[in-house]
Amino acid sequence: MLPSRHLRAAVRQRSHRPPAAGEVCSGKLDADVIRRNKAITVHMRAGRVGEAERLFDAMPRRSTSTYNAMLAGYASNGRLPVALSLFRSIPRPDTFSYNTLLHALAVSSSLTGARSLFDEMPVKDSVTYNVMISSHANHGLVSLARKYFDLAPEKDAVSWNGMLAAYVRNGRVQEARQLFNSRTEWDAISWNALMAGYVQLGRMAEAQELFDRMPQRDVVSWNTMVSGYARGGDMVEARRMFDMAPVRDVFTWTAVVSGYAQNGMLEDARMVFDAMPERNPVSWNAMVAAYVQRRMMEKAKELFDIMPCRNVASWNTMLTGYAQAGMLDEARAVFDMMPQKDAVSWAAILAAYAQAGFSEETLQLFIKMGRCGEWVNRSAFACLLSTCADIAALECGMQLHGRLIKAGYGLGRFVGNALLAMYFKCGNMEDARNAFEQMEDRDAVSWNTVIAGYARHGFGKEALEVFDMMRATSTKPDDITLVGVLAACSHSGLVEKGISYFYSMHRDFGVTAKPEHYTCMIDLLGRAGRLDEAQGLMKDMPFEPDATMWGALLGASRIHRNSELGKSAAEKIFELEPENAGMYVLLSNIYASSGNWRDVGKMRVMMEDRGVKKVPGFSWMEVQNKVHTFSVGDCVHPEKEKIYAFLEDLDMRMKKAGYVSATEMVLHDVEDEEKEHMLKYHSEKLAVAYGILNIPIGRPIRVIKNLRVCGDCHNAFKYISAIEGRLIILRDSNRFHHFRDGSCSCGDYW
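On a predicted model such as this, the values are computed, not experimentally measured, just so you know.

A. Local environment of the overall build of the protein chain. On a plain count of helices and strands, the protein chain comes out with 41 helices and 6 strands. For the protein chain, the spread of C-alpha atoms along the principal axes amounts to about 100 × 65 × 55 Å. Out of the 750 residues belonging to the protein chain, those deemed buried represent 51%. The contacts of the protein chain with a sequence gap of at least 6 include a subset with a gap of at least 24, amounting to 62%. On the protein chain, roughly 34700 Å² of surface is accessible, and the fraction owed to carbon and sulfur atoms is 52%. Charge-centre separation for the protein chain: the mean point of 89 positive side chains lies 6 Å from the mean point of 88 negative side chains.

Here is the structure:
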C-alpha cells in the first residue's frame, strides 16, 4: 500500500463506483469502447476534466485502457490525489497503469510514494526503471538513480542516456566518462551531453577533445562549444567557433550575446543582438539579463517594456534584478504584476525579502505561497531554512524539514546543507547531527558546516572528531575547513592543538594561511593570555592586520584586563573602521571594569563627536511559531508585568544561591544599587524569563541576542539553569552558550 493512502482517503472530490461484474472488457475491445477511450484522452489533453468524467461515468463497458486514459488525464491536469484514488479502483491494472502513476508521483516530487509503488509493481519494464532513474537524478540523488539503473534487467537508449545525463547534471563528469567509455553505441545526444558536462566544469580542453572526435556533429554540438568558451571568458575562441559553424540557429546567436554580456562587453552584446536574423524569448531575456547583471536596471526596463514575447522567465529576470539591487519595492511591484508565477518567481521574491532582513515577512510570503498551491523548489527551501536560521525559528524550520521529506528531496546536498546550518544556528545539536548522518551525498560544505557548527557551540573536541572523519573520506579539507578547525580550538581552549594545525595546514592540506586563519590564531592566543605571542604573530604576517584582527586582540585585552594593550588595539580599529560602535563599547568595558570612569567618559564624547551610535541590544525567541522580541527595560511586551514579577522573585532566589551582580559591567558612574537595577532587566534576561514562563519543562529555552552577551547575564544564566532545572541555549553575535546545571558549555572561556 502507498504511504500516501491517508491522502487518498481524505480526498472526497470524486468517488469511483466499483465496476459490476461484466463491466470491464476482456479480450478484444469493441469499437464503441475504443472510440470513447479516444474521446476521454482528447478531453483530458484539452483540460476538460469534467467532460472526460461524464463520459467515463456513462460508459456501460470499460477496459483497462479506459482507466489508463482517465489516470493519465488526472495526472497531466495536476489531480494526483484523484489519480491515486482511481488507481486503486482499477480491476486489472497493467504495467502501463503502474507506470503512469509512477511518473505522476515522480513529477510531483513524491519520491517516497514512487519508491513504494515501484516495490509493489508485479511487472516492471524499461519505462519503469527509466522513470526511477530520471526522477532521482532530477533531485540530485545520483547514487539512488544508479541503483535503479543497475537493477534494470534490460537497458535501452533512454536508460543509458538518462544515467549519463544524471552524472553530468550533478557535476560527476568523471563517472559520466567511465559510463561513456563502457560502451560504443552512443548517439549525438550522448556525445553532446558529456561534452556539456566538461563545459559546465570549465574543462574546455576535454570538451574540445570530444568535439574533435565526434563522428557526427549537429547544431547543438557547435552551440555547446560556443557557449562554453563564452562562459569561460574566451570570447576570441567563442567568436571563432561561431564564425566556423556550418549552421547557426537562434541559440548560437544567443550564446554569443550572453558571452559578451557575461564578460562585460555590453556594446558587443548589443551589436550582435541587433544583428540577429530572428529573436526568441531567450534572446531577449539574455540581453535584458546582461543589463540586469550590470545593475543597469533602467536600460533593462527599457528593453523589457518593448519585448514582443515576454514569458515568465522575462519577468523573473526583472524581479531578480531588482531584488539583487536591493530595490525591494520595485521587485514586489514586478512580482504583483506578473501574469503568471512559477516556483522561481516565488523563490526570487522570498530571497529578496530574506536578503533585506525582513525575516518575518519572508515567512508570511511562504505561507501565502502555500495557499496559492505553488510547488516549493530547492532554492526556496534553502532560502526559507536560512531565514529560520537567522531568527532561530526552530519550530518553523522543523516544519520545513517535514515538508522537505514529503516533497521527496530527502537530504541531497543543496537543501541538506541549508538544513544543517538551520539546526546548528537554532542550537539544536542533536537534530543537526542526525540530519548530517542521514545525508545521502555530502560535500565540503556539509563537512564545513558541521565543523563550524560545533565550533560556534564550543564543542571543540566534537568538531575535531568530525574533521578526522572528513579526512578519512575523499573530501579534501579547504581553507574554510581550517577556519572552522582553528575556531573550534579557540572557543574550546585547545591552544596547542590549534597551533599545531595552523603551522601544518599548508604541508598537510595544501592550504595557505589567509587573514581569517590568522584572526583565529590571534583570538586563540589572546584568549589563552598569550598576548605577546599574539602580537608577534601579527607582526610576522605577510599582510597588514585588519580591523577584525585588532578586534580579536582588543577582546583578549578585555578578558585579561590589559587596558594599555586594549587602548592600542582600539586606536588601530578607530583608524580602520571609525564607525565600529562595538569597539568603542568594548574599550569602555575595559576602562569601566578597572573603575577608570574618566576614560569611559572620553569614549562617550568621542562617539558623539564622530557621530557613532551604539547599536541597541535586543534579544528574541520563538514560542509556538511566533517570534517575541525584547529590549533592555522592555515596557511594550504584552506580558511585561508577569515577566518583571518573575524576575524579581528569581533575583532573590539567585542571591540566596550566591549570585552577585557584576556591577563593573555597567558603563555609568552611578551607585551599585542603581547598577544592579540596570543589569536586572537586560534583554536576554527578559527573554529567558519569558521562556521559563511559557515553554514547557523538558524543552530547551533558546534565545538569540544581536550583540555579545554581557558578563553579568552569562553569570546569571548559570544560576538560573540550576535553580529552574532548565537548559538555556543562548546565541549571541560571537558564539553559542549552553547553560545547564549551573555551568556553561564555554567553560567561561569566551
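B. Spotlight on the UniProt feature "repeat: PPR" (unreviewed entry) in the protein chain. Here the UniProt-annotated "repeat: PPR" (unreviewed entry) positions come out as residues 63-97, 156-186, 187-221, 249-283, 311-345 and 443-477. Regarding residues 63-97, the helix share stands at 69% and the strand share at 0%, and the terminal C-alpha atoms are separated by 12 Å. Secondary structure across residues 249-283 divides into 74% helix and 0% strand, with the first and last C-alpha atoms of the span separated by 11 Å.

C. Looking closely at the nonpolar core. In this structure, Met163, Met422 and Leu554 are the most contacted members of the largest nonpolar core, which totals 207 residues. When residues of this core are assigned to their parent elements, the largest contribution, 9 residues, is made by helix α22 (residues 343-355). Setting aside residues no more than four positions away along its own chain, Leu554 makes contact with Gly566, Ala569, Ala570, Ile573, Met583, Leu586, Leu587 and Ile590. In terms of nonpolar packing, the next biggest core, distinct from the first, is built from 31 residues, Val688, Ile701, Phe717 and Phe739 among them.

D. Region of interest: the pattern of salt bridges. The full count for this structure, using the stated rule, is 31 salt bridges. Arg471 is the partner of Asp468 in a salt bridge, and the nearest nitrogen-oxygen pair spans 3.9 Å. Pair noted here: Asp468 and Arg471 are both in helix α29 (residues 460-471), with a separation of 3 residues, about one helical turn. Since its relative accessible area comes to 42%, Asp468 is described here as partly exposed. Arg471 gets classed as partly exposed once you look at its relative accessible area, which sits at 41%. Residue Asp649 is joined to Arg653 by a salt bridge in which the shortest nitrogen-to-oxygen separation is 3.1 Å. Taken together, the residues Asp649 and Arg653, both in helix α38 (residues 640-656) and 4 residues apart, mark about one turn of the helix.

E. Broad picture of the environment of Asp187. Mapped onto the secondary structure, Asp187 falls in the loop between α11 (173-181) and α12 (188-200). A sequence separation of 159 residues divides Asp187 from Trp346, and the C-alpha atoms of the two residues are 38 Å apart.

F. Structural view of the packing of aromatic side chains. All told, the structure shown has 24 aromatic pairs when counted by the stated rule. Between Phe242 and Trp253, the ring centres sit 5.2 Å apart and the planes meet at 85°, which makes this aromatic pair edge-to-face. Here the residue Phe242 occupies a position in helix α15 (residues 235-244), and Trp253 occupies one in helix α16 (residues 250-262), the gap between them amounting to 11 residues. Taken as a pair, Phe242 and Trp253 share a single burial class, namely buried. Aromatic pair Phe424 and Tyr454: ring centres 5.6 Å apart, planes at 70°, arrangement edge-to-face. A residue pair is termed long-range when its members are at least 10 positions apart, and Phe424 in helix α26 (residues 413-425) and Tyr454 in helix α28 (residues 444-456) qualify at 30 residues. With a relative accessible area of 4%, Phe424 lands in the buried category. Put simply, the rings of Phe502, Tyr503, Tyr518 and Phe543 pair up and form one aromatic cluster. Geometry around Phe273 places Arg279 over its ring, the cationic atom sitting 4.3 Å from the centre. Directly above the aromatic system of Phe436 lies the positively charged group of Arg442, at a separation of 4.1 Å from the ring centroid.

G. Seen up close, unusual backbone geometry. Its identity as a non-glycine residue notwithstanding, Ala392 has a phi of 55°, on the positive side. By the secondary structure assignment, Ala392 is in the loop between α24 (378-390) and α25 (394-406). Residues other than glycine seldom take positive phi values, yet Arg561 does so here, at roughly 55°. Examined against the element boundaries, Arg561 turns out to sit in the loop between α34 (547-559) and α35 (563-576).

H. Structural detail: the sheet that holds strand β6 (residues 743-744). An order of β2-β1-β3-β4-β5-β6 is seen for the 6 strands of this open sheet, with the pairing classed as mixed. Looking along the sheet, the strands with just one partner apiece sit at the ends: β2 (626-631) and β6.

I. Layout of the pairing of strand β5 (residues 736-740). Summarising burial for β5: 4 of the 5 residues are buried, a large majority. Where strand β4 (residues 728-731) lies against β5, 4 bridges are found, and the strand directions are antiparallel. Note that in β5 the partner of Leu730 across the bridge is His737. Counted along the chain from β4 to the antiparallel partner β5, the turn is 4 residues long. Pairing of β5 with β6 involves 2 bridges; the strand directions are antiparallel.

Rules of the game
- Residues numbered from 1 in each chain as written.
- Predicted model: local features only at pLDDT ≥ 70, side-chain atom pairs only at ≥ 80, totals over all residues.
- Heavy atoms only, no water.
- Helix = DSSP H or I, 4+ residues; strand = E, 2+ residues; numbered from the N terminus.
- Buried < 20%, exposed > 50% of the residue type's maximum accessible area, 1.4 Å probe, protein only.
- Contact = heavy atoms within 4.5 Å.
- Areas by Shrake-Rupley, 256 points an atom, 1.4 Å probe, with all protein chains shown as cover.
- Lys, Arg positive; Asp, Glu negative; His and termini not counted.
- Charge placed at Lys NZ, Arg CZ, Asp CG, Glu CD.
- UniProt positions renumbered as here; feature names shortened; annotations may be inferred.
- Core = buried A, V, L, I, M, F, W, Y, C linked by side-chain atoms within 4.5 Å.
- Salt bridge = Lys/Arg side-chain N within 4 Å of Asp/Glu carboxyl O.
- Phe/Tyr/Trp six-rings, centres within 6.5 Å; stacked < 30°, edge-to-face > 60°.
- Lys NZ or Arg CZ within 6 Å of the ring centre and 35° of its normal.
- Pairing = 2+ DSSP bridges.

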